[in-house]
Amino acid sequence: MFTYLKDFFRRHRRKFVFVGVLSAASVFLWKYGQQRLKEWQEREAAECLAFARRQHHFDSNQRTCNMTVLSMLPTIRQSLHKMLDSDDLTQQLKNRPANKLEIWEQFKIISFSRPVAAVYSLCMVIVFLRVQLNVLGGYMYLDSFHGNNGTTASQSQATPEIQKQYLATIQYLMGKGIQDIVAATQQAVEQCIAKMSLKENLQLQDVERIVGKIRRKLEIWDTDDFGNSTTSLAKYFLPPEDEHGLTDNELKLDDVTLDDQIENIEEACCLPQNESMLHRLSQETRDMIESADFCLVLNACLDTAFTRLMDNIACSFKPKPEQKPFDVLSISPCDTNLPLAKLIPIMNGQIHFICGDSPNHFVQELLLMECVKDFAANVYEAFSQSKQSTAIP
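Being a predicted model, the structure only gives us computed values, none of them experimental.

Definitions and limits used
- Residues numbered from 1 in each chain as written.
- Predicted model: local features only at pLDDT ≥ 70, side-chain atom pairs only at ≥ 80, totals over all residues.
- Heavy atoms only, no water.
- Helix = DSSP H or I, 4+ residues; strand = E, 2+ residues; numbered from the N terminus.
- Contact = heavy atoms within 4.5 Å.
- Patch = residues over 30% accessible without salt bridge, like charges linked within 9 Å, V, L, I, M, F, W, Y side chains within 5 Å.
- Areas by Shrake-Rupley, 256 points an atom, 1.4 Å probe, with all protein chains shown as cover.
- Salt bridge = Lys/Arg side-chain N within 4 Å of Asp/Glu carboxyl O.
- Buried < 20%, exposed > 50% of the residue type's maximum accessible area, 1.4 Å probe, protein only.
- Phe/Tyr/Trp six-rings, centres within 6.5 Å; stacked < 30°, edge-to-face > 60°.
- Expected span 1.5 Å × (residues − 1).
- Bend = angle between axes of the 7 residues up to and from the residue.
- Axes fitted to C-alpha atoms, helices over the stretch in contact; angles between N-to-C directions.
- Left-handed = near helix turned anticlockwise from the far one by under 90°.
- Nonpolar A, V, L, I, M, F, W, Y, C, P; charged D, E, K, R; others polar.

Trainee: Teacher, can you tell me more about the overall build of the chain here?
Mentor: Tallying secondary structure elements over the chain gives 14 helices and two strands in all. Sequence separation of 24 or more characterises 81% of the internal contacts of the chain that already satisfy a separation of 6 or more.

Trainee: What's the story with a nonpolar patch on the surface in this structure? I'm lost.
Mentor: On the surface, Phe18, Val19 and Leu22 cluster together to form a nonpolar patch covering roughly 310 Å² of accessible area. By the secondary structure assignment, Phe18 is in helix α2 (residues 13–83). Overall, the relative accessible area of 56% leaves Phe18 in the exposed class.

Trainee: Even after reading the chapter, I still don't get helix α11 (residues 340–348), so can you show me in this structure?
Mentor: Quick reminder: α-helices carry 3.6 residues per turn. Residues three or four places apart thus point the same way. By the burial criterion, the buried members of α11 are Leu340, Leu343, Ile344, Ile346, Met347 and Asn348. Here the buried face of α11 lies against α4 (100–144), β1 (201–202), α7 (204–219), α10 (292–314), β2 (338–339) and α12 (350–354).

Trainee: Before we go on, may I ask you to explain the pattern of salt bridges in this structure?
Mentor: Pairing is possible between side chains of opposite charge, provided their charged atoms come close. Per the stated rule, a full pass over the model turns up 10 salt bridges. Two residues, Asp206 and Arg209, come together in a salt bridge whose shortest N-O distance is 2.3 Å. Here Arg209 and Asp206 lie together in helix α7, a separation of three residues that amounts to about one turn. Of the residues examined, Asp206 reaches a relative accessible area of 18% and is grouped as buried. One salt-bridge network, in which partners are shared between bridges, spans Arg215, Glu219 and Asp303.

Trainee: For this particular structure, what's the right way to read the side chain of Asn134?
Mentor: Secondary-structure assignment places Asn134 in helix α4. With a relative accessible area of 0%, Asn134 lands in the buried category. In this structure Asn134 touches Phe58, Asn61, Gln62, Ala376, Val379, Tyr380 and Phe383, once residues within four positions along its chain are discounted.

Trainee: Looking at this model, I keep getting lost on the packing of aromatic side chains. Mind explaining?
Mentor: The relation between two aromatic rings is expressed through the spacing of the ring centres and the mutual angle of the planes. Per the stated rule, a full pass over the model turns up 10 aromatic pairs. Considering the side-chain rings of Tyr139 and Phe383, the 6.0 Å spacing of their centres and the 45 degrees angle between planes classify their relative orientation as tilted. Taken together, the residues Tyr139 in helix α4 and Phe383 in helix α14 (residues 370–383) connect sequence positions 244 residues apart. Overall, the relative accessible area of 4% leaves Tyr139 in the buried class.

Trainee: Help me understand α2, please; the structure alone is not making it clear to me.
Mentor: Helix length check: α2 (71 residues) gives 102 Å between terminal C-alpha atoms against 105 Å at 1.5 Å per residue, within 8%. The sharpest bend along α2 reaches about 35 degrees and sits at Met72, with the proline Pro74 one to four residues further on.

Trainee: Looking at this structure, how should I read the packing of α4 against helix α6 (residues 170–193)?
Mentor: Helix packing geometry: the angle between the two helix axes and the distance between the axes. Where α4 meets α6, the closest approach of the two axes is 8 Å, and the angle between their N-to-C directions is 145 degrees. Two packed elements cross with a definite hand, and for α4 against α6 that hand is right-handed. Split into classes, the residues belonging to the contact of α4 with α6 amount to 18 nonpolar, five polar and two charged.

Right, here's the structure in full:
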């Protein structure tokens, strides 16, 4: 019996060796496959978690941006009211002064300037805040997980002090920028309608043509620059640079930090790094403002805003039911004429439609535009890249 088994194993020893090797290899491959599958599942779970975290941070950033824009509406409205004050002119006209015609001419320029300047100011604030908060949001996201991007807590780039100083740069747009926009708008409006008589009848198409003419004067430097029409608006966002690439605000900051270095050696060690990071953020923001994508998004916002403005003005061209009781529904606003004198108070009041308090459907439509969302996602994506990051949809 044992001899038979011994002869059997001797005759089939190669088969037994082959089966043994195959079995061992199968077990090894099975365990290796299980290990690789586990690693893949862990990697997928980590990527999903990183994506969910990044998406949540991005969505929170956009909500913050929207709320910031809405909170700035009263400031924009008050600034425009102060720089384009029509209340005093209205009060003077009620007193029937001797120079009534001259006051009406001033009222005409201010009334057309107010809605145009409001649209430009609002659209520029919306797009500029999208750039600022998403550039800063990208850096803050990278700082939020120091081990994954090779930095330590002491190497955080977007420190609270840098965030505060960087976000304060919008004050230039809210101050000097809006002042320059108003001045340029008044000049363009005066060139377009100064010679128009107050008794001249205008149709809705005429008003749209006037607004379009004002836009061309504001958005184009010269006749050779039609391909890059929003280039002339970039000067309103940030203060001009000097020959070394620093803004006036940054130059003043350098003088202040020099005194701080003398007073406090410990602070002086970190101030140059903060200045360098702040200058880097400013330069990256300036590059974004001068990019083609920024121009396209700003143009899209302006087109949508002026379209909605004309839609609201068109409501004033509809005949009243008591004037046309039978065929009022068949009359188009485009077929209705209004004297320029009657159109002036209509244009003057459009600022409340543009910069009114919440709920403001005009602003909400601009904030929810797909091109604005995509642009914000692209900016955030560019400044929040890490080895384990995934794209924002």
